[in-house]
There are 2 protein chains.
Amino acid sequence: MPLMKSWVTSANDAAHPFPLNNLPYGVFSTEGTDPRCGVAIGDMILDVTAAEAEGLITLSDTPLFDVPFWNELMEEGPAVWAALRERLLALLAEGAEEQAKVEPLLVPMDEAEMHMPFAVSEYTDFYAGRHHATNVGTMFRGAENALPPNWLHIPIGYNGRASSVVVSGTEIRRPWGQLKSPDHDQPAFMPCRRFDIELEMGAIVGTPSDGPITVQEADDHIFGYVLLNDWSARDIQAWEYQPLGPFQAKATATSISPWIVTKAALEPFRTDTPAREFELLDHLKDCGPMLYDIDLEVTIAPEGKPATTIARTNYDEMYYSAAQQLAHHTSAGCPMNTGDLLGSGTISGAEKSQRGSLLELSWGGKEPITLDSGETRSFIEDGDTLSLKGAAKGDGYTIGFGDCVGTVLPALKDPFAR
Amino acid sequence: MPLMKSWVTSANDAAHPFPLNNLPYGVFSTEGTDPRCGVAIGDMILDVTAAEAEGLITLSDTPLFDVPFWNELMEEGPAVWAALRERLLALLAEGAEEQAKVEPLLVPMDEAEMHMPFAVSEYTDFYAGRHHATNVGTMFRGAENALPPNWLHIPIGYNGRASSVVVSGTEIRRPWGQLKSPDHDQPAFMPCRRFDIELEMGAIVGTPSDGPITVQEADDHIFGYVLLNDWSARDIQAWEYQPLGPFQAKATATSISPWIVTKAALEPFRTDTPAREFELLDHLKDCGPMLYDIDLEVTIAPEGKPATTIARTNYDEMYYSAAQQLAHHTSAGCPMNTGDLLGSGTISGAEKSQRGSLLELSWGGKEPITLDSGETRSFIEDGDTLSLKGAAKGDGYTIGFGDCVGTVLPALKDPFAR
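Conventions used here
Residues numbered from 1 in each chain as written. Chains lettered and ligands numbered in written order. Predicted model: local features only at pLDDT ≥ 70, side-chain atom pairs only at ≥ 80, totals over all residues. Heavy atoms only, no water. Helix = DSSP H or I, 4+ residues; strand = E, 2+ residues; numbered from the N terminus. Polar contact = N/O pair within 3.5 Å; in protein donor to acceptor, adjacent residues only side chain to side chain. Contact = heavy atoms within 4.5 Å. UniProt positions renumbered as here; feature names shortened; annotations may be inferred. Buried < 20%, exposed > 50% of the residue type's maximum accessible area, 1.4 Å probe, protein only. Expected span 1.5 Å × (residues − 1). Pairing = 2+ DSSP bridges. Axes fitted to C-alpha atoms, helices over the stretch in contact; angles between N-to-C directions. Buried area = accessible area lost by both parts, 1.4 Å probe. Salt bridge = Lys/Arg side-chain N within 4 Å of Asp/Glu carboxyl O. Domains from an automatic or database assignment. Least-squares fit on C-alpha atoms with pLDDT ≥ 70 in both.

**Things to note about the side chain of T273(B)**
Residues and elements named next belong to chain B. Here T273 lies in the loop between strand 19 (270-271) and strand 20 (291-292). Within the structure, T273 has its side chain in polar contact with the side chain of R276 (distance 2.9 Å). Within polar-contact distance, the side chain of T273 engages the side chain of D286 at 2.9 Å. In contact with T273, other than residues within four places in its own chain, are D286, L291, Y319, Y320, S321 and Q324.

Here it is, written out as structure tokens:
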């Protein structure tokens, strides 16, 4: 599929993240106005809430966009998702009849503030990157026990906190937590000293389910994807995670990119999961290409300094697709709801330069990395800005996600002061 | 505090679970009517939604009970919680002026169907019973590694699935899951063979917080308590739980009792946490008695047979209070919301007869227990009805919770059939 041309001419650039082929969904506001639904097209945002109010978009008897989140569309299911995309393509394509009516509803993106694009119902984080799991397992449990025995058979995951999911741009306060240094007898409550990122993709559940679903059904339930940074306090995690898994180490914040890229936009980029040494059980087997070829990048910028790219990898490195993760998630009967968010797990490639966390990049702090400014980093320092970037590269066009950015603020002096 | 007398005379019985001293909050419907808010008094339910609509209860400019859950009251905070209790005491006490107006709003409890009393925002399950943790740790990791090194320093917990929380009476379908028998090389997907209960108390977060809070503040945020049964698939758990904790093993269902017993009703029963061998860090220290003296009991009834009591214990066996758990939950900055539910962890006493799970009662299936009917049980069999019961015993009165009941149905033949 080539670049589809829009009368919003900034969208007609092979390198622009938001061509007509993309049409990602977000929630925005401009100075003095309330948050509302919008779709990115080139350097502009089409105010979808206004377009619906003016009758340019009619998908349902009751409005779907009179709320500042996309959940109401998500609940409607794949036929309505397709109808909206078709309508947006018609309104925004080069030569569109209704250009004159649509033009007044465009807002320059650089005047907009972005908000959470959807209400997160519950949040689950997986651990489905083989290189990441092997790296972390080697550091925590030694090379011989790196990959747990279950890992090649089920997509290991744990439930996270939906309340801590924030949109890109939200500042992240370094947490306090209970830590225990190997050289101390007793734990202490203090600011985290090994604060980290995790480069992930987030899959968003569109339609609910109530009981086990197949991998193909799971893929049909997924609405779209975002970039996701699962901020992680490694020292809190090391002390707390046995025997019931990470808890406060992952509770400070999880950032997502502001635009939901739909499955339809990613369709040309579908790719297979890797070859497997153990055949998966029937209910988890691949039934078509359900990963996506999406280039991913992490940058870090110390306060007042330029950014350095510290990792480049691709979503196709995952061992399990989001559809396989969702199918597993429902296997014991767990009901899933519109707005459930599934983190892929940290995405690392085989090479050192492809690792999606500082824990891996600095090998637990033993091999600090050097930034362009000459500074070194083992973990995040106060004032650092971390950015995740993602792009699927098509034939003469790009499907971008919008960066997932967060600046880390110093820990509070007294976390209980009011 | 003695028994407080009500003009609803069935409430004036020392053994009745719902005297005027209690006034627990639920959501009920009768045949042909919609679910609405109610308060239990003796054998009756006062229709609180109707009482508000008729002007007998006025707490706010906008209605709080025009929705079938108690979250809107919970959001209002402790002053409004106290005002409602005061008003209900006035309306229902012996000699109440407004008895004639209130009487038509009473519904016989045996004509009511109970629903979820509140909308669960997120669900967290702790592991704060020392005997339980020691028993399970001994079975899974040996006596010398029974209690993990962190256990005496932090209330270990993990995030569960709010979507799987159901009200007492809901039938529970035996789940399928990925299991691996020790004598098989490869895992298989099959119905759970070691399905179990966990006897717990659930604490309900009333008012939201956004950042670390102290133990005293945490206690102030808690709205009330329910009985909680965290249904657990032990064979799924054994295969999946390393390294990130339980996931599908706990995702089938968690049942709660239908009535929220308020903190005010439990006030006379406050008791201290046990003596500690390690002093807790300052932010987790007790600041007054924050556990409660509540007798707990588990019964099991095979299909068509009478129930046998299989365990008796008390909530005062917990090592950490719900307030300490909530304070820990916020320590890394995790926002908490109205309707968050915190499971205490399984409550077991020191004696074998005080163990709150079949895993412990049958010592992993090695010592099946014998029921009054002569049958034996290691884990739950299809058709079994499990009930949790709770009561705080006052001076001439009882604060009951309403049983937390679930009958286990056979696994589906094909979990993916539609």
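Right, picking up where we left off after that structure.
**Quick notes on the UniProt feature "domain: Fumarylacetoacetase-like C-terminal" (unreviewed entry) in chain A**
When the UniProt feature table is mapped onto this chain, "domain: Fumarylacetoacetase-like C-terminal" (unreviewed entry) is found at residues 124-408 of chain A. The annotated region residues 124-408 of chain A carries 15% helix and 30% strand content, and the separation between its end C-alpha atoms amounts to 23 Å.

**Focus: unusual backbone geometry**
Across residues other than glycine, the phi torsion is negative in most instances, and most of the peptide bonds are trans. Here the amide bond leading from Q242(A) into P243(A) is cis, since omega sits at 5°, within 30 degrees of zero. Of note, P243(A) is situated in the loop between helix 7 (234-240) and strand 16 (254-256). Even without being glycine, L23(B) reaches a positive phi, approximately 55°. Summarising the element assignment, L23(B) is placed in the segment before strand 1 (25-29). Classification of L23(B) by relative accessible area gives buried; the value is 0%.

**Let's talk about helix 5 (residues 130-141) of chain B**
All names here are of chain B. Its 12 residues place the ends of helix 5 15 Å apart at the C-alpha level, agreeing with the 16 Å of an ideal helix rising 1.5 Å per residue. Among the residues of helix 5, H132, A133, N135, V136 and G137 are the ones counted as buried. If you follow the buried residues of helix 5, they end up packed against helix 10 (358-361). Just downstream of helix 5 lies G142, where phi reads positive at about 90°.

**Quick notes on the sheet that holds strand 4 (residues 106-108) of chain B**
Each strand in a sheet pairs with another by means of backbone hydrogen bonds, the pair being arranged parallel or else antiparallel. Residue and element names in this part refer to chain B. Taken together, 5 strands build an open sheet; the order of strands is 4-3-2-1-5 and the sheet is antiparallel. Two strands lie at the open edges of the sheet, namely strand 4 and strand 5 (113-115), each paired on one side alone. Direction aside, neighbouring strands of the sheet carry axes that sit 50° apart on average. Here strand 1 pairs with strand 5 via 3 bridges, running antiparallel. Looking at the pairing, S29 lines up with E113 of strand 5. Packed on one face of the sheet, helix 3 (residues 78-92) meets strand 1, strand 2 (36-41) and strand 3 (44-47) and runs near 65° to strand 1.

**A closer look at the interface of chain B and chain A**
Often, the extent of an interface is quoted as the loss of accessible area on bringing the components together. If you look at the interface, chain B gives 60 residues, while chain A gives 60 residues. Of all residues in chain B, the largest losses of buried area upon contact with chain A belong to R161(B), L244(B) and F247(B), amounting jointly to 15% of the total for that side. Taken together, the connections running from chain B to chain A amount to 6 salt bridges. A salt bridge links E122(B) to R161(A), with the nearest nitrogen and oxygen atoms 3.6 Å apart. Summed over the shared surface of chain B and chain A, the result is 28 residue pairs in polar contact (both at pLDDT 80 or more).

**Details of the UniProt feature "domain: Fumarylacetoacetase N-terminal" (unreviewed entry) in chain A**
In the numbering used here, UniProt assigns the feature "domain: Fumarylacetoacetase N-terminal" (unreviewed entry) to residues 21-117 of chain A. With 32% helix and 22% strand, residues 21-117 of chain A has its two end C-alpha atoms placed 19 Å apart.

**Concerning the domain arrangement of chain A**
Residue and element names in this part refer to chain A. Partitioning chain A into structural domains gives domain 1 (9-115) and domain 2 (123-409). Each of domain 1 and domain 2 has a C-alpha centre, and these two points are 28 Å apart. Listed as interface residues are 26 residues of domain 1 and, on the opposing side, 25 residues of domain 2. For the pair domain 1 and domain 2, the summed buried area comes to about 1,900 Å², and 70% of that belongs to carbon and sulfur atoms. A per-residue breakdown of the area domain 1 buries against domain 2 is headed by Y25, M74 and W81, which together make up 29% of the total. Inspection of the region where domain 1 meets domain 2 yields 0 salt bridges.

**Some words on the sheet that holds strand 3 (residues 44-47) of chain A**
Residues and elements named next belong to chain A. Sheet architecture is open: 5 strands sit in the order 4-3-2-1-5, paired in antiparallel fashion. The sheet is open, and its two borders are formed by strand 4 (106-108) and strand 5 (113-115), each paired with just one other strand. The sheet shows a mean angle of 50° between the axes of neighbouring strands, taken without regard to direction. Judged from the 4 bridges that link them, strand 1 (residues 25-29) and strand 2 (residues 36-41) form a sheet pairing that is antiparallel. Each residue of the ladder has a partner; that of G26, found in strand 2, is G38. Along the sheet, helix 3 (residues 78-92) contacts strand 1, strand 2 and strand 3; its crossing angle with strand 1, the most-contacted strand, is approximately 65°.

**Focus: the relation of the copies chain B and chain A**
Look at the two chain copies: a rotation about an axis and a shift along it is all it takes to match them. Note on the identical chains: chain B maps onto chain A by a rotation of 180° and an axial translation of 0.0 Å, with an RMSD of 0.0 Å. These values place the two chain copies in the arrangement generated by a two-fold rotation axis. Within chain B, G245(B) has its C-alpha nearest the rotation axis, a separation of 2.1 Å.

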